[in-house]
Structures are given as C-alpha cells and as structure tokens.
Amino acid sequence: MNLPGKIAIMGGGSWATALAKIVLSTQESINWYMCKPESIEEFRQLSHNPTYLTSVKFDMEKITFYSNINQAIKDSDTLIFATPSPFLKQHLKKVKTSLHDKFIISAIKGLVPEENMLITDYFAEVYQVPVDHIAVIGGPCHAEEIALERLSYLTLGCTKTENLDIIGPVFRNPYLKNSYSQDVTGIEYASVLKNVYSIVAGICHGMKYGDNFQAVLLCNAIEEMRHFLTAVNPVNRDITDSVYLGDLLVTAYSRFSRNRIFGTMIGKGYSVKIAQIEMEMIAEGYYGTKCIREINENYKVDMPILDALYEILYERKSPMKVIKELTETFK
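For the structure given in this document, a descriptive report is provided here.

About the cut-offs
- Sequence positions are assigned chain by chain, starting from 1 and proceeding in written order.
- At least 70 in pLDDT is required for a residue's local features to be given in this predicted model, at least 80 for side-chain atom pairs to be given and counted, and no such filter applies to totals for whole chains, interfaces and linings, which use all residues.
- Only hydrogens and water are set aside; all other atoms, that is, all heavy atoms of the structure, feed into the side-chain values.
- For two strands to be treated as a pair, DSSP must find no fewer than two bridges joining them.
- Secondary structure elements follow DSSP: runs of H or I no shorter than four residues count as helices, runs of E no shorter than two count as strands, and numbering proceeds from the N terminus.
- Each axis is a line fitted through C-alpha atoms, taken for helices only over the stretch in contact, and angles between the N-to-C directions span 0 to 180 degrees.
- The contact criterion used throughout is that any non-hydrogen atoms of two residues lie within 4.5 Å.
- Exposure above 30% relative accessible area and the lack of any salt bridge qualify a residue for a patch; like charges then connect within 9 Å, and the nonpolar side chains Val, Leu, Ile, Met, Phe, Trp and Tyr within 5 Å.
- Calculation of accessible area relied on Shrake-Rupley with a 1.4 Å probe; when residues are assessed, cover is drawn exclusively from the protein chains displayed.
- By definition, a salt bridge exists where a carboxyl oxygen of Asp or Glu is found within 4 Å of a side-chain nitrogen of Lys or Arg.
- Remark: nonpolar core denotes a set of buried residues (Ala, Val, Leu, Ile, Met, Phe, Trp, Tyr, Cys) joined through side-chain atoms within 4.5 Å.
- Accessible area is worked out with a 1.4 Å probe on protein chains only. A residue is then buried under 20% of its type maximum, exposed over 50%, and partly exposed in between.

1. Here we look at the sheet that holds strand 4 (residues 78-81)
Sheet architecture is open: eight strands sit in the order 3-2-1-4-5-8-9-10, paired in mixed fashion. Unpaired on one side and paired on the other, strand 3 (63-66) and strand 10 (176-181) mark the two borders of the sheet. The average angle at which neighbouring strand axes cross in this sheet is 25°, direction not considered. Where strand 1 (residues 7-10) and strand 2 (residues 30-33) come together, three bridges link them in parallel fashion. Among the inter-strand pairings, Met10 is bridged to a residue of strand 2, identified as Tyr33. Against the sheet, helix 5 (residues 119-126) engages strand 4, strand 5 (103-106) and strand 8 (134-138), with an angle of about 165° to strand 8.

Below you can see the structure in the form of structure tokens.
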C-alpha cells in the first residue's frame, strides 16, 4: 500500500469540496470523483463547485475529475469518502475493482441505513478492506468555515497509529490543526449522535426555548452520548475531547449546521417531508435517529433525547408535547 500516494476525493458536496481544498493545500494534485458528468463540466468552466462552497476557487490543472468510480479507484491510493451516508451504498454498488490495497478515509457523518452499520465496518466486511487500512475524520469542523479559512480542528482516527503519522500532515495547514485517536468506533458513533442531538436543539430553538435551556439540553445530550459509547465500545475515552463534546456543540449551535436548521423548521411547525424538501440538503441526523434507535435495541441504554426525536420524526408525535415531556427528565 502506497500511503498516502495519490489521493482521491469521493463525492461532490460541501464537505467533499472543503476536503479537496484542504488536501490541495498540502498536495500537488488530487483525483476527484463526482457521479454526474454535467457537474464536472460545469466545475471545469467555472473553476469552482457549481453547487457547493461556490466561493472556493480551484486550479483546474491540479485536479483530475472522474465520473467513473472504478477508474477513480484504480488511479488512486487513498480514497476520502465524503458522500451522504444514505447514498453510499448506491455509489459502492458500481465498484467492480478491489479496494483491498487502498487506504480508505471516511469523512461520512452517518451510518449505512438499513444495514445499521458503521461506515468502517461496511468497508471491512463487505469490501474486505483491512481494518488498519481504514481511518475516519471527526470534527468539530464545518465545511463553510474551511472555505473561509477560519482556524479549525480535526481528529483523525485509525487503529494503526503509524498510519495516522503518515496521513496526518495531509490535513494540517495554517488554518487547520489535527489530533489522533484509536477510538474509531467512538468517533463514528459520536458523529452520528451529535447530528441527532443538534436536530433536537434546532426543534427547541424553533419552539422559542432559550439559551438557558439549550445549555441544559446539551449537558444531558453529552451524558447520553457517553452512556451509549461506553455500552457499544467500552474503551478509555474523555467525552469532553473536541471530537465528542466539541463536535456536538458546533453542530447544535452553528448557523452552518444543516441538522440544526432542519430541527428549527420542525420546531416552527414544518412537517418532516416539507422540511426535507425545503432544505435541499441532507440532514444526516434524520437517518441516524432511526439507525441508532434500532441499534440500541440490543444495548438498552436509557436514551430519552434520542427516543423523543424518534417519536417526533418517525411517529409524527407533536414536538410541543414530546419536548415538554422530555424537559421533565432533565437535571
């Protein structure tokens, strides 16, 4: 395995675009896979992503675009996947070439729906990628602030720390710092749960709950996250590290958070379907809520915030009634 070798960005959304900007700040060139040839053609004409982070200009001579996922994989050594989790399976179904000798980095903040699998587990079990050939990227980090080159921090997770020493410098520049962790499972589940909790924060914001309540909500949310992570992967971790608590805070409070925006619309009275249509972007927490709820059937962790959101999103219960009941469980 040639690490990092030639790096490919797999996806065309805002986070993929931010990652491309980051990688090109440390590497001479990249490969970039997007599924729609028309998007690639428009990108070439404009020198920026035609739909996402349009303010970020790219040097076209440093990018080789692909609409064929198999060719992109063959021509690359490290693959950074940044597609929305609900679409990952349909992209990977096109893959006919082996991923076994590639290094996979998941920047996906979700689970594989229906399978209820972590992204890393999916690559390992379905595509036979060795576990130490897989890494994850955790926050707190919004694509929009990368575009503005505001100081940000990432956590890179991999079971083999030697690999992190090699790939770490790829994600380090004057506006971006990073740290390393072996808690791959914890990082992945935390990135799902922070989206879940930020939807609840948005719902409460839409219902005019104030900052005092939001603080209590997030204190209870991080405790709920800690209990779940301990149940599914009981390793020594500090839940106040930025990859857990920090990512939760930025996703719950930031104006750039699509999960908070989605929740705010629900809190203001939008139906789930209308909110999804109006947003025109994926709120990963919607899918994560159902996945975590089903996974937790095996662990039976007390998760009142998760359960409350499930009732609102999937059982169509009144947000006002459900949140009022939830507030009685807080301390």
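2. Focus: a nonpolar patch on the surface
There is a patch of nonpolar side chains on the surface, built from Tyr270, Ile274 and Ile277 and spanning about 280 Å² of accessible area. Within the secondary structure layout, Ile274 lies in helix 12 (residues 272-279).

3. Some thoughts on the environment of Ile119
On the secondary structure map, Ile119 appears in helix 5. Distance in space between the C-alpha atoms of Ile119 and His91 is 13 Å, their sequence separation being 28 residues. Setting aside anything within four residues of it in sequence, one finds Ile119 in contact with Leu88, Ser106, Ile108, Gly110, Leu111, Val112 and Glu188.

4. A closer look at the nonpolar core
In a soluble, globular protein the nonpolar side chains are often hidden away together inside. Of all hydrophobic cores here, the largest spans 54 residues; its most connected members are Tyr189, Tyr197, Met225, Phe228, Phe262 and Ile292. Within the residue set of this core, elements represented by two or more residues are helix 8 (184-206), helix 9 (211-232), helix 10 (242-253), helix 11 (258-267), helix 12, helix 13 (284-299), helix 14 (304-314) and helix 15 (319-327). Of all the elements, helix 8 adds the most residues to this core, at 13 residues. One finds Trp15, Ala82, Cys141 and Ala147 within the second-largest nonpolar core, a separate group that totals 41 residues.

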